[in-house]
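Structural characterization, general
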Amino acid sequence: MLDNVPFDPRALRNAFGRFASGITVVSLTDDQDRPTGVTVSSFSSLSLDPPLCLFSLGKTQASRKWIESGAGFNVNILGHGQSAAAWQFAKPLEDKFEGLDWFPGRNGLPVIAGALCHFECTKWNLYDGGDHVIVVGHIEHFIEGDGDPLVFYRGKMATVAE
Ligand SMILES: Cc1cc2nc3c(=O)[nH]c(=O)nc-3n(C[C@H](O)[C@H](O)[C@H](O)COP(=O)(O)O)c2cc1C
């Protein structure tokens, strides 16, 4: 049992898992300008004016320091054929982009080739969110693609049937 949690955290995690979401990879660069990224299902649209989006990042995640020290990040919405990339960015690998196609966005930060959409963000603000940091990005540029999304539900990846 965690401090301050009045019920079984696993039960809470399972209940949260009843919310089906898309899957994104937040991509950025480390302190040596190497591309890196993290799989994130907590992405959400936030505001149209100004154009904002958000996600939450666990405070113990290795990528937190690059979010905190960097000026921005890209959010890539994954398509239904990109589950291998989603699992790859969810592992603590030395080279998260190994074997994956990517290109630099307008902001110079990595974009995953074949992603459904990507949003290029500057860092708007960070907020405390318990054991996570709530990261709000200001969208400077985006490209909307086409195709079916990758979906995450109850710990599994799937896609949507029309
Ligand atoms: C489908 C899926 C969704 C995830 N969503 C999040 C998330 O929203 N926030 C988060 O901090 N970690 C999330 N994770 C876990 C991170 O991707 C994982 O811990 C990763 O290794 C963190 O990368 P880092 O160690 O380079 O920071 C998710 C993992 C998966 C498989």
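Everything here concerns the structure above.
As a starting point, this report considers the structure included with it. (Residues numbered from 1 in each chain as written. Predicted model: local features only at pLDDT ≥ 70, side-chain atom pairs only at ≥ 80, totals over all residues. Heavy atoms only, no water.)

Moving on to the pattern of salt bridges. Should the charged atoms of two oppositely charged side chains come close, the side chains can pair. Inspection of every chain in the model, using the stated rule, returns three salt bridges. A salt bridge links Asp128 to Lys59; the shortest N-O distance between them is 2.4 Å. Here Lys59 lies in the loop between strand 5 (52-58) and helix 2 (64-69) and Asp128 lies in strand 9 (residues 117-129), a separation of 69 residues in the sequence. With a relative accessible area of 61%, Asp128 lands in the exposed category. (Salt bridge = Lys/Arg side-chain N within 4 Å of Asp/Glu carboxyl O. Helix = DSSP H or I, 4+ residues; strand = E, 2+ residues; numbered from the N terminus. Buried < 20%, exposed > 50% of the residue type's maximum accessible area, 1.4 Å probe, protein only.)

Turning next to the site of the ligand. The environment of the ligand is made up of 17 residues, and the closest members are Thr39, Ser42, Gly58, Ser63 and Lys96. The backbone of Thr39 places a nitrogen or oxygen atom 2.8 Å from an oxygen atom of the ligand. For the ligand, an oxygen atom lies 2.9 Å from a polar atom in the side chain of Lys96. Considering the ligand on its own, with 640 Å² of exposed area, one finds that the protein chains cover 84% of that surface. Residue assignment for the shell around the ligand shows that the elements contributing at least two residues are strand 3 (35-40) and strand 5. Counted by class, the shell around the ligand contains eight nonpolar, seven polar and two charged residues. (Near = heavy atom within 4 Å. Polar contact = N/O pair within 3.5 Å; in protein donor to acceptor, adjacent residues only side chain to side chain. Areas by Shrake-Rupley, 256 points an atom, 1.4 Å probe, with all protein chains shown as cover. Nonpolar A, V, L, I, M, F, W, Y, C, P; charged D, E, K, R; others polar.)

It is worth spelling out the environment of Ala113 at this point. Following the sequence through the fold, Ala113 ends up in the loop between strand 8 (110-112) and strand 9. As a C-alpha pair, Ala113 and Leu78 span 35 residues in sequence and 9.7 Å in three-dimensional space. Other than its neighbours up to four places away in sequence, Ala113 contacts Gln82, Asp101, Trp102 and Phe103. (Contact = heavy atoms within 4.5 Å.)

Another aspect to go through is the sheet that holds strand 9. Taken together, seven strands build an open sheet; the order of strands is 3-2-6-9-10-5-4 and the sheet is antiparallel. Here the strands that pair on one side only, and so sit at the sheet edges, are strand 3 and strand 4 (44-47). In this sheet, adjacent strand axes meet at a mean angle of 35 degrees when their direction is disregarded. The pairing of strand 5 with strand 10 (residues 132-144) spans seven bridges and is classified as antiparallel. Bridging across to strand 10, Leu52 finds its partner in His138. (Pairing = 2+ DSSP bridges. Axes fitted to C-alpha atoms, helices over the stretch in contact; angles between N-to-C directions.)

Looking now at a nonpolar patch on the surface. A grouping of Phe7, Leu12 and Phe16 is seen on the molecular surface, where their side chains present a nonpolar patch of about 310 Å² in accessible area. Following the sequence through the fold, Leu12 ends up in helix 1 (residues 9-16). (Patch = residues over 30% accessible without salt bridge, like charges linked within 9 Å, V, L, I, M, F, W, Y side chains within 5 Å.)

Two aromatic rings are characterised by how far apart their centres lie and by the angle between their planes. For the structure shown, the criterion picks out five aromatic pairs. Centroid distance Phe55 to Phe73: 5.3 Å. Interplanar angle 90 degrees. Geometry classified as edge-to-face. Here Phe55, found in strand 5, pairs with Phe73, found in strand 6 (residues 72-77); they are 18 residues apart in sequence, far enough to count as distant. A network of ring pairs unites the aromatic residues Phe43, Phe119 and Phe142 as a single cluster. (Phe/Tyr/Trp six-rings, centres within 6.5 Å; stacked < 30°, edge-to-face > 60°.)

Before going further, it helps to spend a moment on the side chain of Asp30. For Asp30, the location among the structural elements is in the loop between strand 2 (24-29) and strand 3. Given the relative accessible area of 12%, Asp30 is considered buried. A distance of 2.8 Å separates the side chain of Asp30 from the backbone nitrogen of Gln32, its partner in a polar contact. In contact with Asp30, other than residues within four places in its own chain, are Thr36 and Trp66.

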